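# Analysis of the macromolecular model
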Amino acid sequence: MSLSIFFFVLLLAIPTLHASDLITQTCDKTLYKDLCISTLGSTNVKDMQSLAELVLNITSSNGSETQKLIAEILNKSSNNNNFMKIYLRDCSEAYQNAVDQLNKSMAALKSKAFNDLNTWVTAAMSNAESCENGFKENPGTVSPFTNSNKKFSQLCSITLTITNLLAKN
């Protein structure tokens, strides 16, 4: 009886090991291995397609959360800081575009249009960088989104690596 339980537990563990190996081996190929593993490490995906869809969804959700944060700060900003309001509006628009581009990326991924996918994800990454760079135009103005922009760009980079690996298969 205990031997059959052992084999049953072993069978349950095999798919998890495969998923873990897939994530570890894939994340090893990214520029941001630690972020990749911390983001995807506890997930149970069965193949590269599922992994690509997952990381794209996570990246899009991160962009949406950043956009919400920008809206909150914009609503709380004082009327006497016009520069900050301009930068916040620019960032809000940049992240709206980025999320839209990531939605287009998902459609491209599902139809295996990898060149289009790369274009859209790269454009989304550029939008986060534009948000960050806008604050540098006015000396003394500090971006409240440096960490958010950095993480979003890194997630975009991870997404590009994973989708490029999928395209090679």
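Now for a quick tour of the structure. What you see as residue numbers is a count from 1 along each chain, following the sequence as written. Totals for whole chains, interfaces and linings use every residue, but because this is a predicted model, local features are given only for residues with pLDDT of at least 70 and side-chain atom pairs only at 80 or more, for both listing and counting. With hydrogens and water excluded, all non-hydrogen atoms of the structure serve as input to the side-chain values.

From N to C terminus, the chain includes six helices and zero strands. Reading the helices (α) and strands (β) of the chain from amino to carboxyl end gives α-α-α-α-α-α. Contact criterion: two residues are considered in contact whenever any of their non-hydrogen atoms come within 4.5 Å of each other. Across the chain, the fraction of contacts at a sequence separation of at least 24, relative to all contacts at a separation of at least 6, is 71%. Accessible surface area values rest on a Shrake-Rupley calculation with a 1.4 Å probe, where residue burial reflects the displayed protein chains alone. Surface accessibility of the chain: about 9700 Å² in total, with carbon and sulfur atoms responsible for 55%. Working definition: helices are DSSP H or I runs of at least four residues, strands are E runs of at least two. Numbering for both runs from the N terminus.

Along the polypeptide, Gln101 turns up in helix H4 (residues 82–110). Only protein chains enter the accessibility calculation, which uses a 1.4 Å probe; a residue whose area is less than 20% of its type maximum is buried, one above 50% is exposed, and one in between is partly exposed. Residue classification places Gln101 among the buried residues on the basis of a relative accessible area of 13%. Ignoring anything within four residues of it in the chain, the contact list for Gln101 reads Trp120, Ala123, Ala124 and Asn127.

Okay, the state of the cysteines next. By disulfide we mean two sulfur atoms from cysteines, separated by a distance within 2.5 Å. Here the structure, examined in full by the defined rule, presents two disulfides. Each sulfur of the disulfide joining Cys91 and Cys131 lies 2.0 Å from the other. Taking the sign of the torsion about the S-S bond as the criterion, the disulfide between Cys91 and Cys131, at about 100°, is right-handed. Here Cys91, found in helix H4, pairs with Cys131, found in helix H5 (residues 114–136); they are 40 residues apart in sequence, far enough to count as distant.

Considering the arrangement of structural elements, one finds Ile158 in helix H6 (residues 146–168). When its relative accessible area of 1% is taken as the criterion, Ile158 is described as buried. The spatial distance from the C-alpha of Ile158 to the C-alpha of Cys36 is 6.7 Å, given a sequence separation of 122 residues. In this structure Ile158 touches Thr30, Tyr32, Leu35, Cys36 and Val55, once residues within four positions along its chain are discounted.

What follows covers the packing of aromatic side chains. Under the pairing criterion, centres of Phe, Tyr and Trp rings, with the six-membered ring standing for Trp, must be within 6.5 Å; the plane angle then separates stacked pairs below 30 degrees from edge-to-face pairs above 60, leaving the rest tilted. Throughout the structure, instances matching the rule amount to three aromatic pairs. Look at Tyr87 and Phe135: their rings are 5.3 Å apart centre to centre, the planes differ by 50°, and that puts the pair in the tilted class. Taken together, the residues Tyr87 in helix H4 and Phe135 in helix H5 connect sequence positions 48 residues apart. Of the two residues examined, Tyr87 and Phe135, each falls in the buried class. Grouping aromatic residues by their ring pairs yields a cluster made of Tyr87, Phe135 and Phe145.

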